[in-house]
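Coordinates in review
This is what each chain is made of:
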Amino acid sequence: MTAVPAGRKASRKRGGPAKTSDRTKAERKLAYMLCAPAVIVMLLVTVYPILYAIALSVQRVDLRFPEESGFVGLDNYVAVLSSPLWWQDVFNTTLITVVSVSIELVLGLALALIMHRALFGRGLIRTSVLIPYGIVTVVAAFAWFFAFDPSSGFVNSLPFIGEDKSWFGDRGSAFSVIIMTEVWKTTPFMALLLLAGLATIDEGLYEAAKVDGANAWQRFVKITLPLLKPALLVALLFRTLDAFRVFDSIFIMTRGSQDTESVSILAYNQLISRLNLGLGSAVSVLIFIIVLLIAFAFVRGLGTAVPASQGEKK
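Residues numbered from 1 in each chain as written. Predicted model: local features only at pLDDT ≥ 70, side-chain atom pairs only at ≥ 80, totals over all residues. Heavy atoms only, no water.

On to the confidence of the model for the protein chain. Predicted confidence across the protein chain gives a mean pLDDT of 81, with 86% of residues reaching 70 or more. Of the regions scoring below 50 in pLDDT, residues 7-13 engages in two contacts with residues more than four places distant in sequence or in other chains. The low-confidence segment residues 304-314, where pLDDT is below 50, has three contacts with residues more than four positions distant or belonging to other chains. (pLDDT = per-residue confidence, 0-100. Contact = heavy atoms within 4.5 Å.)

Following this line, the structure appears as structure tokens:
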């Protein structure tokens, strides 16, 4: 047996941090250099616009009256939050979000279970289900608009609908068409995420539950739903954030008429139509804050605890 030098023994006993080799330092430096371009691009396309919008939101910047520009502090936020139109649009957006995401969750979970359990034609079923999600949102909105248009749509010709029904002339029916469009377009996205979660569940758990006498509903409630919780969190989070920023369907079908305006339509009207960059930026910042609060609520409410590592357990 070869003798270990005293210095090496002492260093092992002390348990000090191992010295980083030059090769490791060079690899880390190369990794930082490779990641730097992507990080810079992300900062330019995300952080800079957010900071610029915040800066505009505390100023009076109306391109129609450029001579009146100046710092106004929180006046734009006070004007937005004290406006009944803002709260009406928040209610409209929340209504569309809650109803559409709830329907999408039920239908998406059903489709995911069907695609996961399909014995034959699984590829054809998955392809057929995902077709609506592959269509551009604007195209899908136009398709539904022309289908329900009183003059050219085929829906009014159906015997159980009735002729000459103005779907976009009434607030309730307009909301119904908008929600149906959102559900038809994005339910496949929900199903795709839930299908990925179902694929991670061990089939042996179902076999063991069958042996113990559990029926299909008990297996679904006791096994599928608890183990599907991470996938449900991701699916609900992504779809809720996307639904709260709904713009395309409303803009194409009603342009916000009949009290169907959303917060995104409100921001568009202020920024693009009225050229009020200060007020429009305040609306955009408020939408951003609401989106952050929604994400925080979902993570806190549905988030799962990370298992402790072996070192922490010891």
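The next thing to look at is the packing of helix α8 (residues 203-211) against helix α9 (residues 216-227). One can describe the packing of α8 onto α9 by two numbers: an axis separation of 10 Å at closest approach and a directional angle of 160 degrees. Between α8 and α9, the angle falls in the class roughly antiparallel. Read as a crossing pair, α8 and α9 show a hand that is right-handed. For the pair α8 and α9, contact is made by Leu205, Tyr206, Ala209 and Lys210 and by Arg219, Ile223, Thr224 and Leu227, respectively. Split into classes, the residues belonging to the contact of α8 with α9 amount to five nonpolar, one polar and two charged. (Axes fitted to C-alpha atoms, helices over the stretch in contact; angles between N-to-C directions. Helix = DSSP H or I, 4+ residues; strand = E, 2+ residues; numbered from the N terminus. Parallel < 35°, antiparallel > 145°, perpendicular 65-115°, else oblique. Left-handed = near helix turned anticlockwise from the far one by under 90°. Nonpolar A, V, L, I, M, F, W, Y, C, P; charged D, E, K, R; others polar.)

Let's shift gears to the pattern of salt bridges. Counted under the stated rule, the structure contains six salt bridges. Glu27 is the salt-bridge partner of Arg23, the closest N and O atoms lying 3.4 Å from each other. On the criterion of helical spacing, the pair formed by Arg23 and Glu27 is a turn pair, its members being four residues apart in helix α2 (residues 22-57). For Arg23, a relative accessible area of 64% translates into the label exposed. In this structure, Arg64 and Asp62 form a salt bridge, with 2.9 Å as the shortest nitrogen-oxygen distance. For Arg64, a relative accessible area of 45% corresponds to the partly exposed category. One network of salt bridges, in which partners are shared, links Glu104, Glu182, Arg239, Asp242 and Arg245. (Salt bridge = Lys/Arg side-chain N within 4 Å of Asp/Glu carboxyl O. Buried < 20%, exposed > 50% of the residue type's maximum accessible area, 1.4 Å probe, protein only.)

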